[in-house]
Amino acid sequence: MVEKYSDSHRSWIEIDLSALRYNVKQLCRFLDTQEQFMAVVKANAYGHGMIRICQELNAIGIKQFAVATLGEAIILRKHHIEGEILILGYTDPQNIEEIRHYHLTQTLIDDHYAYLLEQQHVHIQVHLAIDTGMHRLGVESLETLKRIFEYSYLHITGVFSHLCVCDEITPERQDYTYQQIESFLHNIQQLQKAGYDIGKAHLLSSYGLLHYPQYCFDNVRMGILMYGVDSSFPKQTICSLKPVLSLKSKIVLIREIKKNETVGYGRSFQAQHDMKIAVVPIGYGDGLPRLLSNQGHVIVNGQYAPIIGRICMDQMMIDVSDITDIQVEDIVTVIGEDKIRQDVETLAKQTQTISNEILCCLSPRLPRIYKY
Ligand SMILES: *Cc1c(COP(=O)(O)O)cnc(C)c1O
């Protein structure tokens, strides 16, 4: 897309790889061994840049990765990422030769899908998804699971399921999660009893690990917490984690406006008094949610500055009336720290979404700058 650093003097993402290493270490304290850690790096590693993130993870000994698509998996292999790469979602059966060629592991999303793959007569490794109550992907009945184990081209090296309310810990949510856990345990026990080698079992993602750490099995699929971020408020992380990503821009223009003048498209902001405003070259085209218009803040020189007017595709305006010593070229921190902090969780709350969405919507146009 964009040449690596050509836009880095406009707006950019900083990735703190030492924070990533730290988070992996912290999260591994919940596990028996680091081998259980499966890094979820779909959607460009939640916007962090999946190639560099996986290279770093490989360097510290992480050898298991999960992505959402075949394309993501192939990019990793083309960049020499080692270890197992599990595709968590659907891959068109006609691409099965690529699954084999790149030594990828495909999820069997249901029995019909498994049948279609088997019909291709290509030997591949698969993990079998079991639906224990989320009703997204997975096989529901034990009989069907057993039938799939009889296939000859699909080599089942793992079985897994996914919890759908493990991030909430009200009694009702816990009941449901325990039902899912029971169902998972029941299925794998019955399969083993019937003599099938299920390979590796895995159930937990980030919040599963926080709230149900006794069910780690062979792998834990670690996404959002590895990036040092909570999905939403209230922050739940019981181990201290460090945010890996910061989002920065800079002031390119400062101007004075008079009382009653308006700012931006739709004239949605009107000055209540004479004020000083600044233009910042970042907008919704960079993935900054337009819902933050007239609502969000950024940090300039260690002080909060409100976003005023509607966020444009490539730019936005901020109120810098109260900011001391402001100059063109001053750094604007949208996510991250400059004496004070602004967390992605705050932006997520203000825009009624979760951190995950904000992060993975950060546009490829923003250069990622990696700090060791
Ligand atoms: C995305 C995903 C994960 C990672 O979830 P986090 O909450 O980010 O840790 C784990 N498992 C599956 C099946 C997923 O789709």
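If you're wondering where the values come from, they're calculated on a predicted model, not measured in any experiment. (Residues numbered from 1 in each chain as written. Predicted model: local features only at pLDDT ≥ 70, side-chain atom pairs only at ≥ 80, totals over all residues. Heavy atoms only, no water.)

Enquirer: Describe the overall build of the protein chain, listing the residues and the values that go with them.
Expert: Each helix and strand counted, the protein chain has eleven helices and 20 strands in total. The principal-axis extents of the C-alpha atoms in the protein chain amount to approximately 80 × 45 × 35 Å. Within the protein chain, buried positions represent 53% of all 372 residues. For the protein chain, the exposed area adds up to about 16,900 Å²; of that, 49% sits on carbon and sulfur atoms. Distance between charge centroids for the protein chain: 5 Å, based on 35 positive and 43 negative side chains. (Helix = DSSP H or I, 4+ residues; strand = E, 2+ residues; numbered from the N terminus. Buried < 20%, exposed > 50% of the residue type's maximum accessible area, 1.4 Å probe, protein only. Areas by Shrake-Rupley, 256 points an atom, 1.4 Å probe, with all protein chains shown as cover. Lys, Arg positive; Asp, Glu negative; His and termini not counted. Charge placed at Lys NZ, Arg CZ, Asp CG, Glu CD.)

Enquirer: Please give an account of the UniProt feature "modified residue: N6-(pyridoxal phosphate)lysine" (unreviewed entry) in the protein chain that cites residues and values.
Expert: The residues that UniProt annotates with the feature "modified residue: N6-(pyridoxal phosphate)lysine" (unreviewed entry) are Lys42. Topologically, lysine 42 is positioned in helix α2 (residues 42–46). With a relative accessible area of 29%, lysine 42 lands in the partly exposed category. (UniProt positions renumbered as here; feature names shortened; annotations may be inferred.)

Enquirer: Any details on the side chain of lysine 248? Residues and values, ideally.
Expert: Topologically, lysine 248 is positioned in strand β10 (residues 245–250). Residue classification places lysine 248 among the buried residues on the basis of a relative accessible area of 10%. A polar side-chain atom of lysine 248 sits 3.4 Å from a polar atom in the side chain of glutamate 14. Apart from the residues within four sequence positions on either side, lysine 248 is in contact with Ser11, Trp12, Glu14, Ile331, Val332, Thr333 and Glu337. (Polar contact = N/O pair within 3.5 Å; in protein donor to acceptor, adjacent residues only side chain to side chain. Contact = heavy atoms within 4.5 Å.)

Enquirer: Explain the state of the cysteines to me, using residue names and the numbers behind them.
Expert: If you walk through the whole model with that rule in mind, you get zero disulfides. Considering cysteine sulfurs only, cysteine 28 is the nearest to cysteine 54, which forms no disulfide, with 15 Å between them. Among the residues examined, cysteine 54 registers a relative accessible area of 0% and is labelled buried. There is no disulfide at cysteine 164, and the cysteine sulfur nearest it, in cysteine 166, is 8.3 Å away. (Disulfide = S-S within 2.5 Å.)

Enquirer: An account of the site of the ligand is needed here, citing residue identities and associated values.
Expert: In the region of the ligand, the neighbouring residues are Val40, Lys42, Tyr46, Leu88, Arg136, His162, Ser205, Ser206, Arg221, Gly223 and Ile224. Contact between the ligand and arginine 221: a nitrogen atom at 2.7 Å from a side-chain N or O atom of the residue. Note that an oxygen atom of the ligand is positioned 2.9 Å from one of the backbone N or O atoms of glycine 223. Considering the ligand on its own, with 390 Å² of exposed area, one finds that the protein chains cover 87% of that surface. (Near = heavy atom within 4 Å.)

Enquirer: Describe the pattern of salt bridges, with residues and values.
Expert: Applying the stated criterion across every chain yields a total of 14 salt bridges. Among the ionic pairs, arginine 10 bridges to aspartate 286, the shortest N-O distance being 3.0 Å. Of this pair, arginine 10 sits in the segment before β1 (12–16) while aspartate 286 sits in the loop between β14 (275–280) and β15 (297–300), and the two are 276 residues apart along the sequence. If you follow the salt bridges from partner to partner, you end up with Arg10, Asp286, Asp314 and Arg365 in one network. (Salt bridge = Lys/Arg side-chain N within 4 Å of Asp/Glu carboxyl O.)

Enquirer: So what's going on with the packing of helix α7 (residues 142–149) against helix α8 (residues 171–193)? Residues and values would help.
Expert: The contact between α7 and α8 brings their axes to 10 Å, and the two run at 45°. For the element pair α7 / α8, the angle class is oblique. As α7 runs across α8, the sense of the crossing is right-handed. From α7, Leu142, Leu145, Lys146 and Phe149 reach across to α8, where they touch Asn187, Gln190 and Leu191. When its residues are assigned to classes, the contact of α7 with α8 shows four nonpolar, two polar and one charged. (Axes fitted to C-alpha atoms, helices over the stretch in contact; angles between N-to-C directions. Parallel < 35°, antiparallel > 145°, perpendicular 65-115°, else oblique. Left-handed = near helix turned anticlockwise from the far one by under 90°. Nonpolar A, V, L, I, M, F, W, Y, C, P; charged D, E, K, R; others polar.)

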